[in-house]
Amino acid sequence: RLDPLPLELDSCSTVYHLTPMVAAPAQPDPSNIFDDYERERNEKLSSPRDEKAPPIKVVSIRRYPRDWEVYVDADGNGFELAQKTPAFKFPKKGPGMEWIATAVKNFFQDGTIP
């Protein structure tokens, strides 16, 4: 990333932005929905060899002129739209990690867990 952004690029728009991530709780917390969900996933998907379930994958994306979108793949079976918001709500750099984390939390809290 260029910091500061050159003046020549000031009037430019991002036409395609993709940020792949893996979601995990920072520290174990008994009240954290991720911990409960992770425990349930591992119990359901564990093999006799005690392998862990695939990681929760998250992608933040914008395809100009469309909105910012966050997709979540909770079980390795493909991505689902978790949240989207109009592009004008964020600066050129796009949404911050706080908005993305909130979108992922809302995805799990809204009962869309597979």
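Everything that follows concerns the structure shown earlier in this document.
What this report covers is the structure whose coordinates are included nearby.

Definitions and limits used
- Residues numbered from 1 in each chain as written.
- Predicted model: local features only at pLDDT ≥ 70, side-chain atom pairs only at ≥ 80, totals over all residues.
- Heavy atoms only, no water.
- Phe/Tyr/Trp six-rings, centres within 6.5 Å; stacked < 30°, edge-to-face > 60°.
- Buried < 20%, exposed > 50% of the residue type's maximum accessible area, 1.4 Å probe, protein only.
- Helix = DSSP H or I, 4+ residues; strand = E, 2+ residues; numbered from the N terminus.
- Contact = heavy atoms within 4.5 Å.
- Pairing = 2+ DSSP bridges.
- Core = buried A, V, L, I, M, F, W, Y, C linked by side-chain atoms within 4.5 Å.
- Expected span 1.5 Å × (residues − 1).
- Salt bridge = Lys/Arg side-chain N within 4 Å of Asp/Glu carboxyl O.

Structural notes on the packing of aromatic side chains
Pairs of aromatic rings are described using the distance from one ring centre to the other and the angle between the two planes.
Part 1: Scanning the model with the defined rule gives two aromatic pairs in all.
Part 2: For the pair Phe107 and Phe108, a centre-to-centre distance of 5.3 Å together with 85° between the ring planes defines the contact as edge-to-face.
Part 3: Residue class for Phe108 comes out buried when judged on its relative accessible area of 2%.

As for the side chain of Thr85
Part 1: Relative to the assigned elements, Thr85 resides in strand β4 (residues 80–85).
Part 2: Discounting chain neighbours no more than four positions away, the residues touching Thr85 are Asp67, Trp68, Phe90 and Trp99.

Overview of the pairing of strand β2 (residues 56–63)
Part 1: Taken across its eight residues, β2 has six buried, putting it largely inside the fold.
Part 2: Of the pairings in the sheet, the one linking strand β1 (residues 16–23) to β2 comprises eight bridges and is antiparallel in character. What sits directly across from His17, in β2, is Arg62.
Part 3: Bridge count for β2 against strand β3 (residues 68–73) is six bridges, and the pairing is antiparallel. Along β3, the bridge assignment pairs Arg62 with Trp68.

A short note on the nonpolar core
Part 1: Ile56, Val58, Val70, Val72, Ile100, Val104 and Phe108 are the most contacted members of the largest nonpolar core, which has 13 residues in total.
Part 2: Contributions of two or more residues to this core are made by β1, β2, β3 and α2 (97–109).
Part 3: Among the elements that make up this core, the one with the highest residue count is α2 (six residues).

Quick look at α2
Part 1: Helix length check: α2, at 13 residues, gives a terminal C-alpha distance of 18 Å against a target of 18 Å (1.5 Å per residue), a fit within 8%.
Part 2: What α2 keeps buried is the set Trp99, Ile100, Ala103, Val104, Phe107 and Phe108.

Structural notes on the pattern of salt bridges
Part 1: Following the criterion strictly, the structure yields three salt bridges and no others.
Part 2: Residue Glu69 pairs with Arg63 through a salt bridge whose shortest N-O separation is 2.7 Å.
Part 3: For Arg63, a relative accessible area of 26% corresponds to the partly exposed category.
Part 4: Because the salt bridges share partners, they merge into one network encompassing Arg63, Arg66 and Glu69.

A closer look at the pairing of β3
Part 1: Extensive coverage of β3 is indicated by the burial of six of its six residues.
Part 2: Neither face of β3 is open: one carries Trp68, Val70 and Val72, the other Glu69, Tyr71 and Asp73, and all of them are buried.
Part 3: The pairing of β3 with β4 spans five bridges and is classified as antiparallel. The residue of β4 that forms the bridge with Val70 is Gln83.
Part 4: Between β3 and the antiparallel strand that follows it, β4, lie six residues; Gly76 among them carries a positive phi value of about 85°.

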